[in-house]
Amino acid sequence: MKIDFTKNPDGLVPAIIQDAKTKTVLMLGYMNQEAFDVTQKSRKVTFFSRSKQRLWTKGEESGNFLNLVDIKVDCDNDTLLVFVNPVGPTCHKGTDTCWAEENAQAYGFLSALEKIIESRKNNQDNPDSYVASLFRKGINKIAQKVGEEAVETVIEAKDANDDLFLNESADLLFHYLILLQAKGYTLDDISNVLERRH
């Protein structure tokens, strides 16, 4: 890895810190050659603190270390992307990130859909909501719908109509997310099981 520490007169390069699992950006710091070397050797992310004018290992006082997983350098060789496993909150203000965002696993639109399903579960009185009506009917009806959608997905998988297959697959996943919520679980729980198996 060739890092160009000479582009800035102070010999520093930006180091973007990203959670290796969630991919959430946690903070931005700066490294010089010495900080980079210490990080590589100790496996704890170490910066050059511009305010303290010295090397600073994140967590040296708080215990909230950033355990190094990997480092990549950008195409210009002057910015680092540092993948970490954080121990505790990253920001000195006690938040997960320096932008006060929660460091949670996200699955794109599926995470947004999970939140919508959860809100329907918590507001089952809505007479216009299909999801709320399933929750009102109970776990047996929800499980039955997952079974029906699974059978329809299998049937469409054996045919050549990709559009029907994708739509049935979407119906299956949608109803499965409802079943997870009905049982008190989320995609995170399933992801954790798969990760342990891996």
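What you see is a predicted model; the values in this text were computed from it and never measured. (Residues numbered from 1 in each chain as written. Predicted model: local features only at pLDDT ≥ 70, side-chain atom pairs only at ≥ 80, totals over all residues. Heavy atoms only, no water.)

**A few points about the domain arrangement of the protein chain**
Along its sequence, the protein chain is carved into domain 1 (13–86) and domain 2 (109–196). A separation of 40 Å is found between the C-alpha centroids of domain 1 and domain 2. (Domains from an automatic or database assignment.)

**Considering a nonpolar patch on the surface**
A cluster of nonpolar side chains, Val 25, Leu 28 and Trp 99, forms an exposed patch at the surface whose accessible area comes to about 290 Å². Among the structural elements, Leu 28 can be located in strand β2 (residues 25–31). (Patch = residues over 30% accessible without salt bridge, like charges linked within 9 Å, V, L, I, M, F, W, Y side chains within 5 Å. Areas by Shrake-Rupley, 256 points an atom, 1.4 Å probe, with all protein chains shown as cover. Salt bridge = Lys/Arg side-chain N within 4 Å of Asp/Glu carboxyl O. Helix = DSSP H or I, 4+ residues; strand = E, 2+ residues; numbered from the N terminus.)

**Details of unusual backbone geometry**
One non-glycine residue, Arg 43, lies in positive phi territory at about 65 degrees. Examined against the element boundaries, Arg 43 turns out to sit in the loop between α1 (33–42) and β3 (46–49). The phi torsion at Asn 77 lies on the positive side, around 60 degrees, for a residue other than glycine. Looking at where Asn 77 falls in the secondary structure, it is placed in the loop between β5 (66–73) and β6 (80–86). A residue is classified by how much of its surface remains accessible, and Asn 77, at 30% relative accessible area, is partly exposed. (Buried < 20%, exposed > 50% of the residue type's maximum accessible area, 1.4 Å probe, protein only.)

**As for the side chain of Glu 114**
Topologically, Glu 114 is positioned in helix α2 (residues 109–122). Buried charge without a salt bridge: Glu 114, with Lys 115 as the nearest opposite-charge side chain at an N-O distance of 7.1 Å. Polar contacts involving the side chain of Glu 114 include one to the main-chain amide nitrogen of Leu 187, which spans 2.7 Å. Among all residues touching Glu 114, those that are not within four sequence positions of it are Leu 177, Gln 181, Thr 186 and Leu 187. (Lys, Arg positive; Asp, Glu negative; His and termini not counted. Polar contact = N/O pair within 3.5 Å; in protein donor to acceptor, adjacent residues only side chain to side chain. Contact = heavy atoms within 4.5 Å.)

**Brief notes about the UniProt feature "domain: Phosphoribosyl-AMP cyclohydrolase" (unreviewed entry) in the protein chain**
In the numbering adopted here, UniProt assigns the feature "domain: Phosphoribosyl-AMP cyclohydrolase" (unreviewed entry) to residues 27–99. A distance of 8 Å separates the end C-alpha atoms of residues 27–99, which is 14% helix and 38% strand. (UniProt positions renumbered as here; feature names shortened; annotations may be inferred.)

**A short note on the pairing of strand β1 (residues 13–19)**
By the criterion of burial, β1 is predominantly enclosed, with five of the seven residues buried. The pairing of β1 with β2 spans six bridges and is antiparallel. Note that in β2 the partner of Ile 17 across the bridge is Met 27. Linking β1 back to β2 in an antiparallel pair, the connection comprises five residues, with Lys 23 at a positive phi of about 70 degrees. Examined bridge by bridge, β1 and β6 share five bridges and lie parallel to one another. (Pairing = 2+ DSSP bridges.)

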